[in-house]
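Coordinate inspection notes
In case you want the letters, here they are:
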Amino acid sequence: MSGEIRSGSAENKMGTMPVVKLIFNMSLPIMFGMLIMALYNIVDSIFVGKIGEEALTAVSLAFPIQNLMLSFGVGTSVGVNALLSMRLGQKKQDDVNKVAMNGIFLAIVTWIVFVIAGALFTSAYLHAQTENAMIIQYAEDYLSVILVIGFGYFLGCMSDRLLQATGRTFLSMISQICGAVFNIVFDPLLIFGIGPFPELGIKGAALATVLGQILAIFVSLGLNVKKNHDIQFVLKNIVPNRRLIAQIYKIAVPAILMSSIISVVTYFLNIILSNVPNGGDTAIAVYGVYFKLNSFIFMPVFGLNSGIIPIISYNYGAQNHRRITDTIRYALVIALCILSLGVLLFETIPGKLFDLFSASEEMRRMGIVALRHIAPSFIGAALAITMGSVFQAFGSALYSMFVSFARQLVVFLPAAYLLSLTGNVDNVWWCFVIAEFMSVGMSLFFMRRIYVKKIKPIPYE
């Protein structure tokens, strides 16, 4: 990755293209790429479900660790994305180049930390949630592959975000699709040993995932070097720069913590579900399937927000009041429309969704109730998630962290525990709706502070 690439033109489309067109121009490729990624997660679980409910439960137990990896990968990339876009708006080319290369350095270091931590703590983590020896073995087999060969989680996120930060979201979509298609094709081949491939069972599902990510890395890095003319990729800039790393993590740490809290909450919710008389391992499997379906519905919103972060950051750097407020307003409307469709889906065909995963009769019954109870929370989530991305774009990611922590730890988990005391696992799912009410209220409070302190002082032109 040595050598230099010519710098970009004086004007970036994030400062000139009409706002609605720009939002879709930036977000649609990311949305599509994320939908493909969510699809391969669902396909992965569909094939794993054919191995048995124990294997599906094992993947559910593995989810918090995978999400933790993704949280560090995406969270660090969010810090790089926001800082890089801001420096682009300020025309500080040297910082742009160093931020990009330091981001790649941080991705590699993070992967090494996870390999070490996984070797030390995975077994204890699994035994705390279930006593089923078969489920534990499945989960250990799956995670051993995901952790050791999991550098794709980190380098892939970082490389794609460099493309997104400079407005090249279509190129980031290409790399994501390549990885996802590989995974979807090789999942059944490696799980069931079709044709010349060995029958690897649940390890095959993990291997298809990490190999798909590795392919995506090569595609994304190649596109950055050849097509990303706003960044000059000079190998010497990969040397850690304490000033820039501190600025990256000022934005990234709250984003990491905000996303990582899902792993913590999932871990404790699994324990709560396992102790409800009519819950147990089946309830954990239901929760795992919900997360796969949830990701497919929410990924377009996350893609939308990935698209608006560089737009807002760039125009904040350029001090353009009108483009900032227009971007926020349109993003909120689009997010509400997307998740309203999710509500409709969960309320009308929950049984058919669970049939995809070869669910047992009891798992299907439990899943139908779960999806219908959770669905109304999507409306609040559309508002809170979008406002959280606005906070990140302005470098005020602490606000997002406060909202997420309060939602998950102060409301969600206590509500789930109290509802579990009724002795009926069906009641536990209402904790999603309860928590979302609080989330929206806090988000609106912080959104007003952002407007008064950072947006309103900018002259409206």
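Read on for a plain summary of the structure. What you see is a predicted model; the values in this text were computed from it and never measured.

1. What about empty space enclosed by the protein?
This structure, assessed with the given rule, holds three cavities of 30 Å³ or more. Size it by volume and the second largest cavity reaches roughly 40 Å³. Looking at the second largest cavity, the residues that line it are Ser60, Phe63, Thr266, Asn270, Ile284, Tyr287, Gly288 and Phe291. Those elements that place two or more of their residues in the lining of the second largest cavity are helix 2 (53–89), helix 8 (242–275) and helix 9 (280–317). With four residues, the top contributor of residues to the lining of the second largest cavity is helix 9.

2. Here's the deal with the nonpolar core
Core analysis: the biggest nonpolar cluster contains 136 residues, and Leu84, Leu273, Tyr290, Leu339, Phe346, Phe378 and Trp429 have the highest contact counts within it. The dominant element in this core, judged by the number of residues it contributes, is helix 9, at 18 residues. The contact partners of phenylalanine 378, leaving out residues within four places of it in the chain, are Tyr290, Asn294, Ile297, Phe298, Leu339, Gly342, Val343 and Phe346.

3. Digging into the layout of surface pockets
Computed from the structure, the largest pocket encloses a volume of approximately 320 Å³. Around the largest pocket sit 14 residues that line it, and Pro64, Ile65, Leu68, Phe121 and Tyr125 are the ones nearest its centre. For the lining of the largest pocket, the secondary structure elements donating two or more residues are helix 2, helix 3 (93–127) and helix 8. Broken down by element, the residue count for the lining of the largest pocket peaks at six residues, all from helix 3. Looking at side-chain class alone, the lining of the largest pocket contains eleven nonpolar, three polar and no charged residues.

4. Description of the pattern of salt bridges
Scanning all chains against the criterion turns up seven salt bridges. With its nearest N and O atoms 2.9 Å apart, the salt bridge here joins glutamate 436 to arginine 407. Note that glutamate 436 is positioned in helix 16 (residues 431–455) and arginine 407 in helix 14 (residues 397–420), a separation of 29 residues in sequence. Arginine 407 shares its class with glutamate 436; the two are buried. Beyond isolated ion pairs, a larger network of salt bridges with shared partners links Arg322, Asp326 and Arg329.

5. A word on helix 12 (residues 361–374)
Helix length check: helix 12 (14 residues) gives 20 Å between terminal C-alpha atoms against 20 Å at 1.5 Å per residue, within 8%. Here helix 12 has its buried residues at Met363, Met366, Gly367, Ile368, Ala370, Leu371, His373 and Ile374.

6. So, the environment of threonine 266
Inspection of the secondary structure assignment puts threonine 266 in helix 8. Sequence separation between threonine 266 and valine 74 is 192 residues; the distance between their C-alpha atoms is 18 Å. If sequence neighbours within four positions are ignored, threonine 266 has contacts with Phe63, Pro64, Tyr287 and Phe291.

7. Focus on the environment of aspartate 141
Relative to the helices and strands, aspartate 141 resides in helix 4 (residues 133–148). On a C-alpha basis, the gap between aspartate 141 and valine 265 in space is 23 Å, while along the polypeptide they are 124 residues apart. Setting aside anything within four residues of it in sequence, one finds aspartate 141 in contact with Ile202 and Lys203. A distance of 2.9 Å separates the side chain of aspartate 141 from the side chain of glutamine 137, its partner in a polar contact.

8. Section: the packing of aromatic side chains
Counting across every chain of the model gives 26 aromatic pairs. Between tyrosine 399 and phenylalanine 446, the ring centres sit 4.5 Å apart and the planes meet at 10°, which makes this aromatic pair stacked. One end of the pair, tyrosine 399, is in helix 14; the other, phenylalanine 446, is in helix 16, and 47 residues separate them in sequence. Through a chain of ring-to-ring contacts, the aromatic side chains of Phe63, Tyr287, Tyr290, Phe291, Phe298, Phe302, Phe346, Phe378, Phe412, Trp429 and Phe432 assemble into a single cluster. Between the NZ or CZ atom of arginine 329 and the centre of the ring of tyrosine 330, over which it lies, the distance is 5.3 Å.

Calculation criteria
Residues numbered from 1 in each chain as written. Predicted model: local features only at pLDDT ≥ 70, side-chain atom pairs only at ≥ 80, totals over all residues. Heavy atoms only, no water. 1 Å grid on protein atoms, 1.4 Å probe; cavity = no way out; pocket = protein on both sides within 12 Å on 5 of 7 lines; lining within 4 Å. Points joined across faces, edges and corners; volume = space filled by probe spheres on them. Helix = DSSP H or I, 4+ residues; strand = E, 2+ residues; numbered from the N terminus. Core = buried A, V, L, I, M, F, W, Y, C linked by side-chain atoms within 4.5 Å. Buried < 20%, exposed > 50% of the residue type's maximum accessible area, 1.4 Å probe, protein only. Contact = heavy atoms within 4.5 Å. Nonpolar A, V, L, I, M, F, W, Y, C, P; charged D, E, K, R; others polar. Salt bridge = Lys/Arg side-chain N within 4 Å of Asp/Glu carboxyl O. Expected span 1.5 Å × (residues − 1). Polar contact = N/O pair within 3.5 Å; in protein donor to acceptor, adjacent residues only side chain to side chain. Phe/Tyr/Trp six-rings, centres within 6.5 Å; stacked < 30°, edge-to-face > 60°. Lys NZ or Arg CZ within 6 Å of the ring centre and 35° of its normal.

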